[in-house]
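# Coordinate inspection notes
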Amino acid sequence: MGKVIKKVDIKDFLRRHRVFLVSAGLIVALFLVTRLYNILAVPMFNDEAIYIRWAELFKVNHHQMFVSLTDGKQPSFIWLMTLFLYVFRDPLLAGRLAAMLMGLLGMAGIYFLVRELFGNAKIALAASLLYVLYPYTLLYDRMALYDSTLAMCMIWSLYVEVLLVRRRTLIMALFSGVVLGAGLLTKSGAFFAIYLLPFSLLLFDLKRKHRNKELLKWVGLAVLAVICALALYSILRLSPNFKYIASKNGEFTFTIGEWLHHPFTYFWRNARIMAGFITGYSTIPFLVFAVGAFIVDKKYIPEKVLLLLWSILPLAALAFFGKLLYPRYILFMLMPLLALAAYTAVAFYSQIKMRYVGVVVLILFALPMLWKDYHILTNFARAPIPELDRYAYIEGFYSGTGVKQVVDILEEKSQGQTIYVGTQGGFGIMPYGIQNYMYTNKNVIVQSFAGVGPEVPSQIIEATRKYPTYYVFASPCPVCDSIGTPPKTWPVKELLRVKRIEDNSYLTLVQVMS
């Protein structure tokens, strides 16, 4: 006789799980509200402009699926943004919604990871809530950058590695390979998931029967997972530009050979910089709670150590090998700390007898993060986050301040006629900030120029004889009085000048006179 399938009583299920379902629903709702509110308030950033442009090129020509490899960047996030460009007309909104979706998956991954590690839904929900409130994830889930996707991939990579060491099944090995491979197709930092795979043995049950046999089984399955991941990664070799990944990595990290010549020269400098990034986004109370997981009780020590290693070891590696550091590079390295901090919060609250004291402590723990969140959402220019990010995203000339206003003017000028637009800069916010919005406008010819001199380039002089001709100044030049202003020797009529927060810095649109 076949198995009798027990009918699920939906009402009974909802009744028994109503607290969990309501809590999970509120956390998801809070995630959506915090990610969508003012999502376009921060202007398009230089790197966002590049990635969105690649996605647009792939959208109009599928042979460009590996276009990001021309700059040594893996393509998976570009592929994802391309899908969103089919749905949303605003390219910046499309890119940022793609990142937001990856953030939502990352939040779900945190829940499943913590639930698997500690077997406690309360801690898992607390970790998901922390993900929503964490200023680091709040910012990067709202930016069309790779880093939210990489953080999501690393969360799920750790989860599948935990499942693999505990389940040791073929299907789990194959699933792990797919997840690890997805990370490798996103960013080179995902290789840490492979390097850290042996540490999942901290969760291996050494007391079980047939220990050696099961250990060998795990080794075989782990090797299979890595092979599957590398097989997925190898599709990038179909592009002749695959070689640029290594050269791009070399711009930001030292090779082993280079590092051996100065093993400790940059370590302390990098460590101080990263400490500033971590405290700038994570807050001191958050870090105290993360460390507190080892103090609040002595349970789940292997699980806690595994989480800590997934954070400490990549940070240490970057301190040793890093050449150029930005806060977003360490986002994925801090995801395990969310689990540790959530563990401390739940364990502390469950142990304390005076509940109101526990509530006060948890509020004090959350307040610094909420203060940062408030400014990120409402007044980014005053957000108490690392200065490097504030400068890049809204203060300096890598910010797209004024780009949308320029686009609106050019759209109006191109009605019923062809116009020519020159831009100062050939890669980044110029010209891509303009092209991202106007790539479907056949009346606009955009040409980029690497530098600005005292004389008007011959191409622009020629263009003035055929079309209304405009030029966008956005960055420093040796013959300009200010950043983003035209040389006095150019015959131009100024149409728009937008002041950036940075001193003596502007974005200027001019019409070049014939």
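Structure first, text after, so check above.
Below is a summary of the structure that appears in this document. Residue numbers restart at each chain and count upward from 1, following the sequence in its written direction. Selection of residues for local features in this predicted model requires a pLDDT of at least 70, selection of side-chain atom pairs for listing and counting requires 80 or more, and totals for whole chains, interfaces and linings are taken over all residues. Note: side-chain values were computed over all heavy atoms of the structure, leaving out hydrogens and water.

## Description of the overall build of the protein
Secondary structure elements are defined from DSSP: runs of H or I of at least 4 residues count as helices, runs of E of at least 2 residues count as strands, and each element is numbered from the N terminus. A tally of regular secondary structure across the protein gives 22 helices and five strands. Restricting the calculation to C-alpha atoms gives the radius of gyration, and the globule rule supplies 2.2 Å times the number of residues raised to the power 0.38. The globule rule puts the C-alpha radius of gyration for 514 residues at 24 Å, and the 26 Å found for the protein is close to it. On the principal axes, the C-alpha backbone points of the protein span a range of 85 × 60 × 55 Å. Throughout, a residue-residue contact means that at least one pair of heavy atoms, one from each residue, lies within 4.5 Å. For the protein, restricting intrachain contacts to residue pairs at least 6 apart in sequence, the fraction spanning at least 24 positions comes to 75%. Only four residue types enter the charge count, namely Lys and Arg as positive and Asp and Glu as negative; His and the chain termini do not. By convention, the point assigned to a charge is CZ for Arg, NZ for Lys, CD for Glu and CG for Asp. Within the protein, one finds 51 positive and 30 negative side-chain charges whose respective centroids are separated by 11 Å.

## Structural notes on the pairing of strand β3 (residues 469-473)
In terms of burial, β3 is largely enclosed, as five of its five residues are buried. Across four bridges, β3 lies against strand β5 (residues 506-512) in antiparallel orientation. By the bridge assignment for β5, Y471 is matched with V510. For every residue, the accessible area (1.4 Å probe, protein chains only) is compared with the maximum for its type, and the residue is labelled buried under 20%, exposed over 50%, or partly exposed between those bounds. Two strands pair if DSSP finds at least two bridges between them.

## Focus: helix α15 (residues 284-296)
A helix's residues, less one, multiplied by 1.5 Å, set its expected span. Helix length check: α15, at 13 residues, gives a terminal C-alpha distance of 17 Å against a target of 18 Å (1.5 Å per residue), a fit within 8%. Of the residues making up α15, those classed as buried are F286, F289, A290, G292, A293 and V296.

## Brief notes about the state of the cysteines
Note on terminology: pairs of cysteine sulfur atoms within 2.5 Å are recorded as disulfides. Under the definition given, this model contains one disulfide. Paired through a disulfide, C477 and C480 show a sulfur-sulfur distance of 1.7 Å. Its S-S torsion of approximately 110° makes the covalent link between C477 and C480 right-handed. Like C477, the residue C480 is buried in the burial classification. No disulfide involves C153; its nearest neighbouring cysteine sulfur is the one of C228, lying 16 Å away.

## Let's talk about helix α5 (residues 91-118)
Over its 28 residues, α5 runs 41 Å from end to end, which matches the ideal 40 Å to within 8%, given 1.5 Å per residue. Here α5 lies mainly inside the structure; 21 of its 28 residues are buried. The N-cap of α5, judged by a side-chain oxygen 2.9 Å from the amide nitrogen of L92 a few residues on, is D90. Positive backbone phi, at 60°, marks G119, one or two positions downstream of α5. N or O atoms within 3.5 Å of each other form a polar contact, as long as, within protein, one can give a hydrogen and the other can take it, and as long as residues adjacent in sequence are counted only when both atoms are side-chain atoms.

## Quick word on the sheet that holds strand β2 (residues 444-449)
The sheet built from five strands is open, its strands ordered β2-β1-β3-β5-β4 with mixed pairing. Of all the strands in the sheet, the pair left with one neighbour each is β2 and β4 (492-499). Within this sheet the neighbouring strands show an average axis-to-axis angle of 20°, counted without direction. Under this scheme, a helix contributes an axis fitted over its contacting stretch, all axes are lines through C-alpha atoms, and angles between N-to-C directions fall in the 0 to 180 degree range. Docked against the sheet, helix α21 (residues 429-438) engages β1 (419-424), β2, β3 and β5, running at close to 165° with respect to β2.

## Let's talk about the environment of L337
Position of L337 relative to the elements: it lies in helix α17 (residues 335-351). Residues L337 and T253, 84 residues apart in the sequence, show an inter-C-alpha distance of 24 Å.

## Observations concerning the environment of G416
The topology assignment puts G416 in the loop between α20 (403-413) and β1. Taking the C-alpha atoms as reference points, G416 and V114, 302 residues apart in sequence, are found 58 Å from one another.

## Some words on the pattern of salt bridges
Any Lys or Arg side-chain nitrogen found within 4 Å of a carboxyl oxygen on Asp or Glu counts as a salt bridge. Scanning the entire structure with this criterion turns up 19 salt bridges. For D141, the salt bridge identified is with R35, shortest N-O distance 3.0 Å. Note that D141 is positioned in the loop between α7 (135-140) and α8 (147-167) and R35 in helix α2 (residues 18-36), a separation of 106 residues in sequence. Like D141, the residue R35 is buried in the burial classification. A salt bridge links K187 to D147, with the shortest nitrogen-to-oxygen separation between them at 2.9 Å. Placement of the pair is K187 in the loop between α9 (170-184) and α10 (191-195) and D147 in helix α8, with a sequence separation of 40 residues.

## With respect to unusual backbone geometry
A negative phi holds for most residues other than glycine; trans holds for most peptide bonds. Going from M430 to P431, the amide bond is cis rather than trans, its omega being 15°. Within the secondary structure, P431 sits in helix α21. Despite not being glycine, Y300 shows a phi value in the positive range, around 55°. If you trace the backbone, Y300 turns up in the loop between α15 and α16 (301-321). Positioned with a positive phi, N504 is a non-glycine residue whose angle comes to about 55°. Its place among the elements puts N504 in the loop between β4 and β5.

## As for the packing of α16 against α17
Closest axis-to-axis distance for the α16/α17 pair is 8 Å, and the angle between their directions is 145°. Between α16 and α17 the crossing geometry is left-handed. Here K304, L307, L308, W310 and S311 of α16 lie close against α17, whose contacting residues are P336, L337, A339, L340 and Y343. Looking at the contact of α16 with α17, its residues break down into eight nonpolar, one polar and one charged. Left-handed describes a crossing whose near helix is turned anticlockwise from the far helix by less than a right angle; the clockwise case is right-handed. Here the term charged refers only to Asp, Glu, Lys and Arg, the term nonpolar to Ala, Val, Leu, Ile, Met, Phe, Trp, Tyr, Cys and Pro, and the term polar to all other amino acids, Gly among them.

## Examining the packing of aromatic side chains
Between the rings of Phe, Tyr and Trp (Trp by its six-membered ring), a pair exists once the centres lie within 6.5 Å; its type follows the angle of the planes, with under 30 degrees stacked, over 60 edge-to-face, and the other angles tilted. Within this structure, the stated rule accounts for 42 aromatic pairs. Relative to Y393, the ring of F45 has its centre 4.7 Å away and its plane inclined at 85°; by these criteria the two rings are edge-to-face. You can see F45 sitting in the loop between α2 and α3 (46-60) and its partner Y393 sitting in helix α19 (residues 387-395), a full 348 residues away along the chain. When the ring of Y326 is compared with that of Y329, the centres are 5.5 Å apart and the planes differ by 85°; the resulting orientation is edge-to-face. An aromatic cluster of three or more residues is present, and its members are F45, Y134, Y136, Y140, Y281, F286, F380 and Y393. Whether a charge lies above a ring is judged from NZ of Lys or CZ of Arg, which has to be within 6 Å of the ring centre and within 35 degrees of the ring normal. Its guanidinium or amino end placed over the ring of Y86, K59 lies 5.3 Å from that ring's centre, counting from NZ or CZ. Its guanidinium or amino end placed over the ring of Y437, K404 lies 5.3 Å from that ring's centre, counting from NZ or CZ.

Functional significance is not addressed by these values, which are geometric in nature.
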